[in-house]
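# An overview of the molecular structure
For reference, the chains in residue letters:
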Amino acid sequence: MENREKLKSKKRIVVKVGTSSLIHPKTGHLNLFRLEKLVRVLTDLHNGGKDVILVSSGAIGVGVKALGLKERPDSLPMKQACSAVGQGQLMMIYQKLFAEYNQGSAQILITKETMLNDMRRFNARNTFNQLLSLGIIPIVNENDTVSTEEIEFGDNDTLSAVVTAVVEGDLLILLTDIDGLYTDDPHKNTRAKLISEVPVITEEVENMAKGAVTKVGTGGMATKIAAANIVTDCGADMVIANSRDFNDLNRIVAGKDIGTLFLAHKREHFDFRKYLTECPYLNS
């Protein structure tokens, strides 16, 4: 529990929430009740003195509904069109909800190329730092309308890990539809056990990763382990937790034993190019 207690002192926190956590599963429409709850909890974390960054999926899903499509498209141009429509609507809702709590928010769209280019990455870091110093909560997503890598091969698990590295965050919390990392797929094996803490990511840990469970999301446990590799190597902790109760964000930051905690290594020089070119979820 000592490592959990250390989470209380984390200052800069990145929270990633997936599409399946924000929509009604039967209709695919946004779950406004849950969205409002997420905004309230994030604002409260910020009010408690934390720097908060939200990495939010959902733009393509929102665009699918806005355009009256019956299902998520397969073609890249159509996915990008859905994203272009959905990103504006999703951001409008976020800003409206944050404004209800007098909390400023800002949209930041990132591409892989931004992170590979030293000057662009430096400018992105400065933008994040300036927004955070002004008390703003940045809302980040991949710029799907111009980037092919994210839609075809990547997802926001890895994006949130890269953002954590860029802003020199202390903690990344990945909210998903599973309680954390299990010894086996709990949907198939009732004897699978939740792992509370991972000091080092070994080959055995990587072998526990399974594919995506939900149809609306693009990532699975494998991408979360890949994200944990990035985050822990850049000197931050990471927690995988279930998104069923957004109040768990407060409990995690308060040191409660929720989800799976991946422990940080000593922060050294972090090679963005190495991770962005070698990570299979960011490669075309």
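Residues numbered from 1 in each chain as written. Predicted model: local features only at pLDDT ≥ 70, side-chain atom pairs only at ≥ 80, totals over all residues. Heavy atoms only, no water.

## Things to note about the overall build of the protein
In terms of regular secondary structure, the protein is built from 12 helices and eight strands. For the protein, contacts bridging at least 24 residues in sequence account for 75% of all contacts bridging at least 6. (Helix = DSSP H or I, 4+ residues; strand = E, 2+ residues; numbered from the N terminus. Contact = heavy atoms within 4.5 Å.)

## Examining the pattern of salt bridges
If the charged atoms of two oppositely charged side chains come close together, the side chains can form a pair. Following the criterion strictly, the structure yields 11 salt bridges and no others. Across the pair Lys8 and Glu5 runs a salt bridge, and its minimum N-O distance is 2.9 Å. A salt bridge links Arg40 to Glu36, with the nearest nitrogen and oxygen atoms 3.0 Å apart. With Arg40 and Glu36 both in helix H2 (residues 32–47) and four residues apart, this pair spans about one turn of that helix. Connected through shared salt-bridge partners, Lys16, Asp157 and Lys224 make up one network. (Salt bridge = Lys/Arg side-chain N within 4 Å of Asp/Glu carboxyl O.)

## Comments concerning the pairing of strand E4 (residues 137–142)
Of all the six residues making up E4, six are buried; the element is thus mostly covered by neighbouring parts of the structure. Residues Ile137, Ile139 and Asn141 point to one face of E4 and Pro138, Val140 and Glu142 to the other, with burial holding for every one of them. Note: strand E2 (residues 51–56) against E4, two bridges, orientation parallel. In the sheet register, Val55 faces E4, and the bridge partner there is Val140. (Buried < 20%, exposed > 50% of the residue type's maximum accessible area, 1.4 Å probe, protein only. Pairing = 2+ DSSP bridges.)

## Digging into a nonpolar patch on the surface
Taken together, the side chains of Leu67, Met78 and Val85 define a hydrophobic patch exposed on the protein surface, amounting to about 200 Å² of accessible area. By the secondary structure assignment, Leu67 is in the loop between helix H3 (59–66) and helix H4 (76–100). (Patch = residues over 30% accessible without salt bridge, like charges linked within 9 Å, V, L, I, M, F, W, Y side chains within 5 Å. Areas by Shrake-Rupley, 256 points an atom, 1.4 Å probe, with all protein chains shown as cover.)

## Some details on the confidence of the model for the protein
Taken over all residues, the pLDDT of the protein has a mean of 86, while the share at 70 or more is 86%. Throughout residues 211–219 the model reports pLDDT below 50, and contacts reaching past four residues in sequence, or to other chains, amount to 18 contacts. (pLDDT = per-residue confidence, 0-100.)

## Focus on the nonpolar core
Counting 43 residues, the largest nonpolar core has Val140, Leu181, Met238 and Phe262 as the members making the most contacts within it. Looking at this core, the elements with two or more residues in it are E2, strand E3 (105–110), helix H6 (118–133), helix H8 (156–166), strand E5 (171–176), helix H10 (221–233) and strand E7 (237–242). Beyond its immediate chain neighbours, meaning those up to four positions away, Met238 contacts Leu171, Leu172, Leu174, Lys224, Ala227, Ala228, Val231, Thr260, Leu261 and Phe262. Among the nonpolar cores identified, the runner-up in size contains 35 residues, and Leu45, Ile173, Leu175 and Ala241 belong to it. (Core = buried A, V, L, I, M, F, W, Y, C linked by side-chain atoms within 4.5 Å.)

## A closer look at the side chain of Lys10
As for its position among the elements, Lys10 is in the loop between helix H1 (2–5) and strand E1 (12–17). Here Lys10 falls in the buried class, since its relative accessible area comes to 15%. A polar contact of 3.1 Å, which involves the side chain of Lys10, links it to the side chain of Asp237. Aside from chain neighbours lying at most four places away, what touches Lys10 is Lys50, Asp170, Leu171 and Asp237. (Polar contact = N/O pair within 3.5 Å; in protein donor to acceptor, adjacent residues only side chain to side chain.)

## Notes on the packing of H3 against H4
Running from N to C, H3 and H4 point in directions that differ by 95°, and their axes come no closer than 6 Å. Taken together, the axes of H3 and H4 are roughly perpendicular relative to one another. Facing H3, whose interface residues are Ala59, Ile60, Val62, Gly63, Val64 and Ala66, H4 presents Lys79, Cys82, Ser83, Val85, Gly86, Gln87, Gln89 and Leu90. Across the contact of H3 with H4, the residue classes tally to eight nonpolar, five polar and one charged. (Axes fitted to C-alpha atoms, helices over the stretch in contact; angles between N-to-C directions. Parallel < 35°, antiparallel > 145°, perpendicular 65-115°, else oblique. Nonpolar A, V, L, I, M, F, W, Y, C, P; charged D, E, K, R; others polar.)

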